[in-house]
Structure formats: structure tokens, C-alpha cells
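Commentary on secondary and tertiary structure
What follows is each chain in one-letter form.
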Amino acid sequence: MGNVADESGTDVEIYRRAFNPDVIHVVSRTGAPEELLALLDSAGLERKTERTSGPVYVWHETPQGLSEEEQKGLVTRSILPVLIADYDVNIDPDVYDVTAWAQAISEHRSRQAQASGPPALPPAGPASSTAPRSR
């Protein structure tokens, strides 16, 4: 069992495996930090582990029972927090959902705007030159 993320030089590789087409496979690099694994956990992906006499393989999968559309939406939305945390992600175009990506970006921008509060008003400057003058 090789690690596609290690072979590709990325932190995360997302694709559908030919012998397990019912789920989308999300592979993190060998020795991935817990922060990265926790981001994938919090996205709703299921963490899997296989211990060998050599390395311990850790990956995530979409939960069983989701439709193909739901799987694509889930993995596509999971990318944004991983990218924001400055990890390198590669997703197979066959499992990428443009609509889910647009929704994730829109929700992120909305949260950012709410967190920063209302836009600041420009500082008060000198009175306009068109203001009436007293004589």
C-alpha cells in the first residue's frame, strides 16, 4: 500500500479508488500533523487507520450511504479550511463540485464579514469646498 500524497508531494490527495467506488478516498501524507487530520475529521470525513510493520497509514473517506452528489459536495467543502491552514491539496476533477466550492467560499466570506463587524467609516475630513461659507 503506497501513499499517493507522498508520491505526489502534496499534503492531501482526493480521488475515487477504482476498487472502492462507493466512497471518495482522501489521503494525507505520511506523518501528517494532527491539525490536518482534525480539519478533515471536522469536515465530516471518516478517519481510517491501517497499522503495518512499517508505517501507519491514515486516510479519510466519505461516510457510507451518501449519494455521489453528496460525496462530491462533502469533499469539495472540506478543501477550503485545509487550504486556509496552508496545506497543499489535489482533488481529482471527477470528484470536484463547482457549486459546493462556490457555496463554501460564499459562507467563508460571510463569516469573515460578520467577524470583522460593520465596515469602518472614513475619518471625518475638512468640510467640502461646496459647503456654504459665512461672510
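These lines cover the structure that appears in this document, whether it is placed above or below. (Residues numbered from 1 in each chain as written. Predicted model: local features only at pLDDT ≥ 70, side-chain atom pairs only at ≥ 80, totals over all residues. Heavy atoms only, no water.)

Here we look at the overall build of the protein
A tally of regular secondary structure across the protein gives 4 helices and 5 strands. Reading the protein from its N terminus to its C terminus gives the helix and strand order α-β-β-α-β-β-α-β-α. Counting the 135 residues in the protein, one finds 33% classified as buried. Look at the contacts in the protein between residues 6 or more apart in sequence, and 50% of them connect residues 24 or more apart. On the protein, roughly 8700 Å² of surface is accessible, and the fraction owed to carbon and sulfur atoms is 52%. (Helix = DSSP H or I, 4+ residues; strand = E, 2+ residues; numbered from the N terminus. Buried < 20%, exposed > 50% of the residue type's maximum accessible area, 1.4 Å probe, protein only. Contact = heavy atoms within 4.5 Å. Areas by Shrake-Rupley, 256 points an atom, 1.4 Å probe, with all protein chains shown as cover.)

What about the nonpolar core?
Nonpolar side chains in soluble globular proteins generally cluster together in the buried interior. The biggest cluster of nonpolar side chains holds 18 residues, and the ones touching the most others in it are V12, I14, V26, L36, L40, V75 and V82. When contributions to this core are tallied by element, the ones reaching two or more residues are β1 (12-17), β2 (20-28), α2 (34-42), α3 (68-84) and β5 (89-91). Non-local contacts of V12, meaning those with residues more than four positions away in its chain, are made with A5, V26, V27, S28, L36, L40, V82, D88, V89 and N90. (Core = buried A, V, L, I, M, F, W, Y, C linked by side-chain atoms within 4.5 Å.)

A word on the environment of A100
Within the fold, A100 resides in helix α4 (residues 98-116). Under the relative-accessibility criterion, A100 is labelled buried at 3%. Along the backbone, A100 and G73 are 27 residues apart, and their C-alpha atoms lie at a distance of 5.2 Å. Once residues within four sequence positions are removed from consideration, A100 is found in contact with G73, T76 and R77.

Some words on the pairing of β2
As paired strands, β1 and β2 are joined by 5 bridges and run antiparallel to one another. From the neighbouring strand, V12 faces β2, where its bridge partner is S28. From the end of β1 to the start of β2, which pair antiparallel, there are 2 residues. Bridging between β2 and strand β4 (residues 56-61) involves 3 bridges; their strand directions are antiparallel. (Pairing = 2+ DSSP bridges.)

Notes on the sheet that holds β1
One open sheet holds the 5 strands; their spatial order is β3-β4-β2-β1-β5, and the pairing between them is mixed. Both outer strands of the open sheet, β3 (46-51) and β5, are each paired with one neighbouring strand and no more. The mean angle between the axes of side-by-side strands here comes to 25°, regardless of whether they run parallel or antiparallel. (Axes fitted to C-alpha atoms, helices over the stretch in contact; angles between N-to-C directions.)

Considerations on unusual backbone geometry
Unusually for a residue other than glycine, D86 sits at a positive phi of about 70°. Of note, D86 is situated in the loop between α3 and β5. Judged by relative accessible area, D86 falls into the exposed class, the value being 69%.

Quick look at the pattern of salt bridges
Inspection of the entire model under this criterion finds 5 salt bridges. The closest approach of N and O atoms between R47 and E34, which form a salt bridge, is 2.9 Å. You can see R47 sitting in strand β3 and its partner E34 sitting in helix α2, a full 13 residues away along the chain. Accessibility expressed as a relative area gives 32% for R47, which makes it partly exposed. Residue classification places E34 among the partly exposed residues on the basis of a relative accessible area of 48%. Through salt bridges with shared partners, a single ionic network connects E34, D41 and R47. (Salt bridge = Lys/Arg side-chain N within 4 Å of Asp/Glu carboxyl O.)

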